[in-house]
Structure formats: C-alpha cells, structure tokens
Amino acid sequence: MATTQTKTAARFMMSPAILLLLGWMIIPLSMTIWFSFQRYNLLMPGTEEWAGWLNYRYFLTDPAFFSAMANTLLLVGGVLFVTVVGGVLFGLLLDQAIYGQGIVRILVIAPFFVMPTVSALVWKNMFMNPVNGLFAWIAKLFGFAPFDFLAHAPLFSVTMIVAWSWLPFATLILLTALQSLDSEQKEAAEMDGAGPVSVFIYITLPHLARAITVVVLIETIFLLSVFAEILVTTNGGPGYDSTNLTYLVYSQALLTFDVGGASAGGIIAVILANIVAVFLVRIVGKNLES
Amino acid sequence: MGHITLKNVSKAFGETVVIPGLDLEINEGEFVVFVGPSGCGKSTLLRLIAGLEDISGGAINIAGQDMTNVGPAKRGLSMVFQSYALYPHMSVRKNIAFPLKMAGESQEVIDKKIADASRVLNLTDYLDRKPGQLSGGQRQRVAIGRAIVRSPQAFLFDEPLSNLDAALRVNMRLEISELHQQLKTTMIYVTHDQVEAMTMADKIVVLHAGRVEQVGSPLELYHKPQNRFVAGFIGSPAMNFFEGDLAKEYDCHAIGVRPEHLRLSTDEGKWEGTVGIAEHLGSDTFVHIDVPGQHSVLVRVPGDIAVKYGDKVFMTPDADTMHRFDGKGLHL
Ligand SMILES: Nc1ncnc2c1ncn2[C@@H]1O[C@H](COP(=O)(O)OP(=O)(O)OP(=O)(O)O)[C@@H](O)[C@H]1O
Ligand SMILES: [Mg+2]
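So, here's what we can say about the structure. (Residues numbered from 1 in each chain as written. Chains lettered and ligands numbered in written order. Predicted model: local features only at pLDDT ≥ 70, side-chain atom pairs only at ≥ 80, totals over all residues. Heavy atoms only, no water.)

**Focus on the interface of chain B and chain A**
Here is step 1: Contact with chain B, which involves 23 residues of that partner, is made by 15 residues of chain A.
Here is step 2: Approximately 1,700 Å² of surface area, both sides summed, lies buried where chain B meets chain A, with 62% of it carried by carbon and sulfur atoms.
Here is step 3: Summed over the three residues of chain B that lose the most area to chain A, namely B:Tyr87, B:His89 and B:Met102, the buried surface amounts to 28% of that side.
Here is step 4: Linking chain B to chain A there are two salt bridges. (Contact = heavy atoms within 4.5 Å. Buried area = accessible area lost by both parts, 1.4 Å probe. Salt bridge = Lys/Arg side-chain N within 4 Å of Asp/Glu carboxyl O.)

As structure tokens, then:
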C-alpha cells in the first residue's frame with residue numbers, strides 16, 4: 001500500500017530524473033519557439049529581428065505544407081495498415097508449430113535491426129531500381145516494361161520501405177499476444193461450432209485488440225517523423241510528392257537556411273503530433289481499460 | 001440418442017502412452033463420473049470423446065453414429081471447461097448466444113433460448129455484464145448456460161467445480177445434479193474429488209494410469225471394490241490396509257477395513273495399538289492409531305470418545321465388511 005510517506009519519498013527519489021527530462025525537453029522547445037518568431041536566415045547573418053507570426057503565416061500558406069501534411073498522414077496510415085495486417089498474418093503463421101521455427105522467427109525479426117538508411121539504400125538500388133533492380137528483372141521476365149517506383153509512385157515506395165522495417169515490430173508484439181490466448185477459449189469456440197474464420201473473427205481478433213492498439217500507438221509516434229528513408233530514396237520528390245512534415249522542415253532549414261521558418265514548421269509539427277497523440281491516447285486508454 | 005460407446009480407444013502423445021486401450025459404455029441419460037488420481041488421463045479421455053484430441057486407435061460411437069473422425073463441432077456435444085473458457089470480450093448474453101449464432105439460428109430463437117437458459121440458471125440479472133465482472137459461481141453458470149442452449153447429445157464437464165470455494169462447490173454440485181434431473185441429458189463429469197463422484201454419479205468410472213479399474217454405481221464401488229486401488233480410492237476417509245501376519249490370519253495378502261467399520265474399545269478387541277492424533281469433528285471423531293508393524297490406522301467413531309494421545313486401545317474389524325486382497329491387489 002502506498003502510504004503518504006512512501007509517496008513523498010518516491011517523489012523525492014524520482015525528482016532528479018524528472019528534472020533532467022524536463023530540462024531536456026523544455027530548453028530545445030523554448031529555443032525553437034523563440035527562433036520561430038525571429039527573422040533568422042543563415043545566409044544573411046546579422047539581420048535577425050523579431051518577426052511576429054510571419055514565419056507561421058509563411059509556412060502555413062505554403063502549398064508544400066498541405067501536400068506535406070497529406071503525405072504524412074498517408075505515410076503513417078499506409079505503414080500502419082500494412083504492418084498491422086501483415087503483423088497479424090505473420091503472427092498467426094509463426095504461432096503454428098512449424099519446422100525450423102527458431103530460424104524463421106529470427107529471419108522475420110531481422111529487418112528491425114537494419115538501419116533505416118541502409119534498408120532504404122538496399123530497396124532503392126537492389127529492388128526498385130528500374131535498370132538493375134529485382135522488380136525490374138521480374139517485370140522483364142514476364143515481358144512487362146520495368147516500373148520506376150521511386151519516380152512514379154514515390155510515396156507508395158517509401159511506405160513500402162518503412163513498412164518493411166516496421167513489420168517485425170508489429171509481428172513480434174502480435175505474436176506474443178497470440179501466444180497468450182487461452183487455448184481452451186479456442187477449443188470452446190470450436191465445440192460451439194465456429195470454424196477457423198469465425199474463431200479468428202470472434203475470438204482471436206478481439207483478443208488482439210489491445211496489442212494492435214499498442215502497435216498503432218508506438219508506431220505512430222515514430223512514423224510521424226520518418227526522415228532517413230525519404231532523404232536516401234526520393235529527396236522528397238518528385239516535386240513535393242514524397243515530402244512529409246519532417247522532411248519539409250529539414251528542407252526549410254538546411255536547403256534554404258531559413259532557421260526561423262524551419263522552427264515555425266517544427267512547432268507546427270509538434271502541435272499536430274500532439275493532436276494525434278491526444279486522439280490516440282484516448283482510444284488506447286479506452287481499449288486498455290477493460 | 002445420447003448413447004456413447006468407446007471401443008478399444010487408445011491415446012499416445014508421441015512416445016508416452018496415456019490411454020493404452022479402453023472400452024466403455026455410457027447409456028442415454030446417465031450421469032457418468034470419471035474419477036481417478038491426478039494425471040491418470042481423465043481429461044485426455046474427455047477430450048477424446050469431445051473430439052479435441054485425435055484418438056490413436058479404436059472407435060468412438062455417439063448416438064449410434066461413428067464419430068471417430070468427426071470434428072468437435074459436429075459431434076453434438078457441449079463442454080464446460082475447468083477454466084470456464086468464457087469469451088472475455090463478450091457479454092454474458094453474447095457468450096450464451098455464441099453457439100446459436102454459429103449454428104445460424106434466427107434472432108427470435110436465440111432470444112428465447114437465452115431467456116430460458118438464464119431463467120434456469122438464475123442469470124437474468126447478469127446478462128449484460130462481461131465475464132470479468134462475475135463471481136466464480138456465476139461464471140460457472142454462464143459456462144453451463146452456453147452448454148445447454150445447444151441442446152446437445154451429452155454434456156462434458158472437466159473438473160468444473162475445482163476453482164470454487166468449498167461452500168459454493170456443494171451448492172453447484174446440487175445445482176448440476178438438479179439440472180441433470182430436469183434435462184435428462186447424458187452427462188460425463190470429470191473430477192478427482194471422490195466425494196463429488198459419490199454424490200453426483202449414476203455410474204462411476206474409476207481410472208488409474210489410463211486404465212479402467214472398475215465401473216459401477218457409487219454404492220457398488222463402496223461395498224464391492226474389485227481391487228485394492230478402487231477400495232483405497234473410493235470412500236472418505238480412505239480404507240485402512242493391513243498386511244503381514246495380521247492378513248495371513250485371514251488367508252490373504254492384505255485386508256482392508258474402512259475407518260467406519262472398525263470398532264474401537266479401551267479394554268478389549270482383536271488388535272492393539274496406541275492412540276496418535278484424534279480429530280474431533282463434532283459429529284464424528286477420527287482417531288489415528290499406531291499399530292506395531294502397520295501403517296497408521298484410522299478409525300471413525302460416531303460422536304465423541306474419551307481417548308487421548310498415548311492411550312492403549314483395541315480395535316475389532318467387522319467380519320462382514322472386511323475386504324481381502326491377494327498379492328496382485330485383486331479382491332478375493
Ligand atoms: N499434450 C500432451 N502431450 C504429452 N503428454 C500429455 C499431454 N496432455 C496430457 N499428457 C499426459 O497425459 C497424462 C494424463 O493427463 P490428463 O490431463 O488426462 O490427466 P488428468 O487425469 O486430467 O489429471 P488432473 O486430475 O490433474 O487434471 C499426464 O501424465 C500428462 O502428462
Ligand atoms: Mg484434468
């Protein structure tokens with residue numbers, strides 16, 4: 001039982017960590033906020049001055065902002081869809097007693113350990129390359145013209161690459177959830193006349209609901225800031241077709257050296273991420289409660 | 001209808017043979033209890049009948065049809081699991097409705113059957129709760145409700161009361177017996193508690209290491225055990241066995257006398273011993289007596305008796321109720 005005394009002691013003990021974390025967060029955040037109200041371009045040193053809401057107005061009315069926002073949502077949604085559906089399927093597969101189970105599990109988990117830049121490079125050069133890539137080779141084998149994924153379907157390609165590296169995470173979480181399903185429940189459903197599909201829909205899927213929410217929550221946090229895969233493969237292009245918010249902020253800051261504008265973009269991204277987080281935490285909270 | 005026949009049914013998990021080959025006849029409407037020590041294969045046998053495990057050999061016949069290779073859903077049996085196996089995300093109503101929904105019944109029929117079942121089982125007030133919000137006994141009743149709405153050929157129960165406290169267990173025991181009287185459906189009930197077996201069964205099947213030791217009515221098993229295992233397993237407290245010289249006198253390897261069939265006296269009797277612990281239950285007294293060269297002997301004395309630790313006492317067996325066993329443990 002938590003007495004008043006243990007609570008006070010606990011607070012006291014935790015305070016250094018909390019203060020450290022707070023400082024860690026507050027200092028960069030307030031600096032970003034400060035910069036976002038400045039006219040501050042690295043190409044014109046010495047001209048810094050208070051800019052009011054100008055940076056925000058500039059960022060929010062930029063047509064690139066809206067396509068970046070749409071791209072961010074499409075990217076996050078697409079990866080979530082692929083990883084959750086794929087994760088459930090892989091989980092079901094790996095839950096079976098199959099020959100060489102240990103090795104198969106390691107193979108499935110492996111992509112998670114490949115760095116984003118590396119996996120993006122591998123996909124770009126070895127799979128999606130219209131001349132030397134594996135997909136081009138397969139297309140030619142069947143007599144089709146090779147498809148230049150990164151030029152014609154840039155966002156889709158990035159989605160696939162990111163989904164590939166997040167699939168193991170989803171699979172792992174969902175597999176452990178599957179393994180915790182009481183086998184007597186499945187047997188009871190079987191005796192009640194449910195076939196494999198009904199067992200999946202009425203027993204397995206509801207059991208997985210929590211795990212799926214956890215996967216969605218954690219992945220969303222990371223997917224809102226996908227960057228390396230875009231930088232390595234498409235550079236946000238063609239045009240703004242594969243530019244998400246993170247990449248837009250980057251291109252503001254480092255391609256046009258506009259620190260003020262980039263900071264404003266960063267703050268907007270933080271606000272958007274928080275809106276998403278509030279929604280998610282509500283849904284998750286509801287799902288995790290019962 | 002509801003008649004189940006097992007012919008030479010055997011089961012092995014890989015190398016381990018759990019049931020070496022077993023014949024059993026279960027009649028329509030009978031309440032059959034499988035009883036035996038832990039690990040003797042009761043659950044396995046029940047799961048074989050249910051179709052949840054494949055049998056390694058032999059045949060299972062239910063209601064006149066060969067069901068050996070038929071899936072669990074098509075055998076027309078309902079099972080109540082030890083863990084109840086309720087679906088945690090569904091309300092009580094949906095839990096009970098699940099088998100009907102799977103069978104494609106119309107909503108009208110489902111509503112009616114749920115109403116009937118919940119009235120019989122006193123669940124009407126809980127229909128909209130989730131299983132997590134119910135007590136153990138209520139969960140048990142939901143599991144039974146889910147089993148009865150299908151009107152099965154037979155019910156299978158696997159230790160359904162082992163998660164309940166003692167008082168509730170006695171209650172549920174009565175309720176299940178009551179239900180059997182109302183429905184008149186065949187029931188197969190697994191337990192390791194011989195009191196449950198004695199009180200509920202029409203027919204008890206005593207299992208030991210996957211083999212049937214004896215089949216019979218509770219009193220048959222009590223009065224005429226075919227071997228030493230059944231004699232020691234059925235009856236509470238358990239039968240006393242005497243070996244060596246005491247048994248030789250009766251021309252056998254061992255004699256068995258139930259605690260209630262030994263007469264205790266402080267001044268004269270056939271066998272002599274010293275009093276160990278005496279357990280006073282009010283209605284009875286269980287006296288543990290040390291007899292030289294024997295295991296501790298338990299005597300059940302009605303009411304109270306004035307003996308204390310270390311007293312010398314005498315016991316006399318009742319010749320009519322004494323059981324004699326040969327070297328192989330068979331009843332003579
Ligand atoms: N899947 C399995 N694989 C291997 N052995 C098994 C398996 N299931 C059960 N057994 C073995 O079969 C034997 C009988 O098991 P079973 O569950 O039928 O016992 P039981 O009589 O129900 O015992 P209890 O009263 O403890 O529930 C045990 O020795 C057990 O170890
Ligand atoms: Mg068992």
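Once you've had a look at it, read on.
**Re the pattern of salt bridges**
Here is step 1: Across all of its chains, the model carries 14 salt bridges over all chains by this definition.
Here is step 2: Among the ionic contacts, a cluster of salt bridges with common partners joins A:Glu187, B:Lys11, B:Arg47 and B:Glu53.

**Some words on helix 4 (residues 136-148) of chain B**
Working note: α-helix, 3.6 residues per turn, so residues spaced by three or four point in the same direction.
Here is step 1: Here helix 4 of chain B is 13 residues long and its end C-alpha atoms lie 19 Å apart, about the 18 Å a rise of 1.5 Å per residue gives.
Here is step 2: The element helix 4 of chain B is largely enclosed, with a buried count of eleven among its 13 residues.
Here is step 3: Where helix 4 of chain B is concerned, the buried positions are B:Gly137, B:Gln138, B:Gln140, B:Arg141, B:Val142, B:Ala143, B:Ile144, B:Gly145, B:Arg146, B:Ala147 and B:Ile148.
Here is step 4: Summarising the contacts, the buried residues of helix 4 of chain B are in contact with helix 9 (183-191) of chain A together with strand 6 (77-80), helix 2 (92-102), helix 3 (107-120), strand 7 (154-158) and helix 5 (166-183) of chain B. (Helix = DSSP H or I, 4+ residues; strand = E, 2+ residues; numbered from the N terminus. Expected span 1.5 Å × (residues − 1). Buried < 20%, exposed > 50% of the residue type's maximum accessible area, 1.4 Å probe, protein only.)

**Looking at the packing of aromatic side chains**
Here is step 1: Scanning all chains against the criterion turns up 28 aromatic pairs over all chains.
Here is step 2: Their ring planes at 85° and their centres at 5.0 Å tell us that A:Phe37 and A:Trp53 sit as a pair that is edge-to-face. Taken together, the positions of A:Phe37 in the loop between helix 1 (4-36) and strand 1 (38-39) and A:Trp53 in the loop between strand 2 (49-50) and helix 2 (54-61) put the pair 16 residues apart, joining distant regions of the chain.
Here is step 3: Ring centres of A:Tyr202 and B:Phe98 lie 5.6 Å apart, and the angle between their planes is 75°; this geometry places the pair in the edge-to-face category. Of this pair, A:Tyr202 sits in helix 10 (residues 196-223) while B:Phe98 sits in helix 2, placing the two residues on different chains.
Here is step 4: A relative accessible area of 26% places A:Tyr202 in the partly exposed class.
Here is step 5: A residue is classified by how much of its surface remains accessible, and B:Phe98, at 2% relative accessible area, is buried.
Here is step 6: Site record: aromatic cluster; members linked through ring pairs are A:Trp34, A:Phe37, A:Trp50, A:Trp53 and A:Tyr56.
Here is step 7: Here the guanidinium or amino end of B:Arg146 rests over the ring plane of B:Tyr87, the centre of that ring lying 4.5 Å away.
Here is step 8: The ring of B:Phe241 has B:Arg228 lying over it, and the distance from NZ or CZ to the ring centre is 4.5 Å. (Phe/Tyr/Trp six-rings, centres within 6.5 Å; stacked < 30°, edge-to-face > 60°. Lys NZ or Arg CZ within 6 Å of the ring centre and 35° of its normal.)

The analysis is restricted to geometry; functional conclusions fall outside its scope.
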